[in-house]
Each structure stands twice: as structure tokens, then as C-alpha cells.
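# Structural overview for review
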Amino acid sequence: MKKLMIMALVVFGFGLHANAQEEKNAIGLRLGDSDGFGTEVSYQRYLDSKHRLEFDLGWRSNKNFNAYRLTGLYQWVWNIDGGFNWYVGAGGGVAQVDFDKKDNFPGNDDTETYVYAAGDIGIEYDFDFPLLLSLDFRPEFGFGDVNDDVDFDIALGVRYQF
């Protein structure tokens, strides 16, 4: 687990220090609700005007379970008109779920770490001031006991650009 977190931080670090033609970042929230994770903190880093990296961190804690997930995506961006863009992306992530009651978990243990592959397609509007609004659809293919199927996540993104 520590190796996965270190690898995620290294990839994130490379994204921050990528040599880009256009130095543009965005940070904010991705407001959706797939598998109980709800809102995610979202960071985007443009590599150039048509390519970017996106990293999303979601977590949830309640009386039945604690969970987190980290998603990383590579996205291609195309301009439609003015500030309107559309994009597609591919990537994956890692998640961990810790159930408080063993009878809620399908196996013998009450904790699972799993990986998933993700796609992404969406539309966004880049305002003249530093606000980026987006609406995206993200299918996720899980590889674990808790998440071993396809989940569909639709979310609204609200990000500050700097």
C-alpha cells in the first residue's frame, strides 16, 4: 500500500514539474456521487494547450465504513467555440474501503484495497475570469471483491484556475 501511495505522489510530482507551453493549473471540487464517495478534491495540470493531467482525491467516513480513492487521468482537450471545450481521458486509480462491521463485507476480512481503470468524457466552459465549470461522465471498471463491476459516475466540476 505504501508503494502505491509513493508511486501516486511521484506521478503527481512529475505532473507539477512538467515542461509545458502553457503554465495552467486548476484546483477545485468534482461534485458527483458514485459508490458513496460523493465530492472529490480535483487538480488539473495542463501539459500543453491540448493535453492535461487530472488527479482526484475522494474520501468518505461514516458509521458503517471509511474509504478513500485516488484517481489519475490523462486527458485530450479540444476547443468547440470560444471558452467551450470538450475532452476525453483515460487512467485509473486505487481505493481502500474499511467496513466497521464484518457482515457488510463479502469476504472474511473487513478491509480491501483495490484498483480500477477509468475513462472520462466531458464538456467544460473556461470563463474569462479564473473559473472552469465542467460536466463529465466517468465509467470505472473495478478489480476487487468490493468493486468488481462497472460503475458510472456523472459529476459537475467547479475549479479555480491559476
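Fair warning: this is a prediction, and the values are worked out from it, not measured in the lab.

Cut-off values and rules
Residues numbered from 1 in each chain as written. Predicted model: local features only at pLDDT ≥ 70, side-chain atom pairs only at ≥ 80, totals over all residues. Heavy atoms only, no water. Helix = DSSP H or I, 4+ residues; strand = E, 2+ residues; numbered from the N terminus. Buried < 20%, exposed > 50% of the residue type's maximum accessible area, 1.4 Å probe, protein only. Areas by Shrake-Rupley, 256 points an atom, 1.4 Å probe, with all protein chains shown as cover. Polar contact = N/O pair within 3.5 Å; in protein donor to acceptor, adjacent residues only side chain to side chain. Contact = heavy atoms within 4.5 Å. Pairing = 2+ DSSP bridges. Axes fitted to C-alpha atoms, helices over the stretch in contact; angles between N-to-C directions. Phe/Tyr/Trp six-rings, centres within 6.5 Å; stacked < 30°, edge-to-face > 60°. Lys NZ or Arg CZ within 6 Å of the ring centre and 35° of its normal. Core = buried A, V, L, I, M, F, W, Y, C linked by side-chain atoms within 4.5 Å. pLDDT = per-residue confidence, 0-100.

### Comments concerning the overall build of the protein chain
Per the secondary structure count, the protein chain includes 1 helix and 8 strands. Ordering the α and β elements of the protein chain from the N terminus gives α-β-β-β-β-β-β-β-β. Each of the 162 residues in the protein chain was classed as buried or not, and the buried ones make up 42%. Carbon together with sulfur atoms contributes 62% to the accessible area of the protein chain, which is approximately 8,900 Å² in total.

### Quick word on the side chain of arginine 159
Residue position: arginine 159 is located in strand β8 (residues 150–161). Take arginine 159: its relative accessible area is 1%, and that puts it in the buried class. At 3.0 Å, the side chain of arginine 159 and the side chain of serine 134 are in polar contact. Not counting the four nearest positions on each side in its chain, arginine 159 is found in contact with Ala26, Ile27, Gly28, Arg30, Ser42, Gln44, Glu54, Pro130, Leu131, Leu132 and Ser134.

### Quick word on the sheet that holds strand β6 (residues 111–126)
With antiparallel pairing, the 8 strands of this closed barrel are ordered in space as β1-β2-β3-β4-β5-β6-β7-β8. Direction aside, the axes of adjacent strands within the sheet are offset by 25 degrees on average. Taken together, the 15 bridges between strand β5 (residues 84–99) and β6 define a ladder with antiparallel strand orientation. Looking at β6, one finds that tyrosine 87 is bridged to glycine 122.

### Section: the packing of aromatic side chains
Applying the stated criterion across every chain, the model contains 8 aromatic pairs. Taking the centre distance of 4.9 Å and the plane angle of 75 degrees together, the rings of tyrosine 74 and tryptophan 76 count as edge-to-face. Overall, the relative accessible area of 30% leaves tyrosine 74 in the partly exposed class. Taken together, a centroid distance of 4.7 Å and an interplanar angle of 80 degrees make the contact between tyrosine 125 and phenylalanine 127 edge-to-face. Looking at phenylalanine 127, the relative accessible area reads 25%, which means it is partly exposed. Each member of the aromatic cluster is reached from another via a ring pair, and the members are Phe84, Tyr125, Phe127 and Phe129. Over the ring of tyrosine 87 we find arginine 52; its NZ or CZ atom is 4.7 Å from the centre of that ring.

### A short note on the nonpolar core
Core analysis: the largest hydrophobic core is formed by 9 residues, namely Phe65, Ala67, Leu73, Ala95, Val97, Phe99, Tyr114, Tyr116 and Ala118. Counting only elements with at least two residues in this core, the list comes to β4 (65–81), β5 and β6. Those residues in contact with alanine 95 that lie beyond four places of it in its chain are Tyr68, Arg69, Glu112, Thr113, Tyr114 and Tyr116.

### Quick notes on the confidence of the model for the protein chain
Looking at the protein chain, the pLDDT average stands at 83 and 78% of residues meet or exceed 70. Predicted confidence for residues 16–22 stays below pLDDT 50, and this span has 12 contacts to residues more than four positions away or in other chains.

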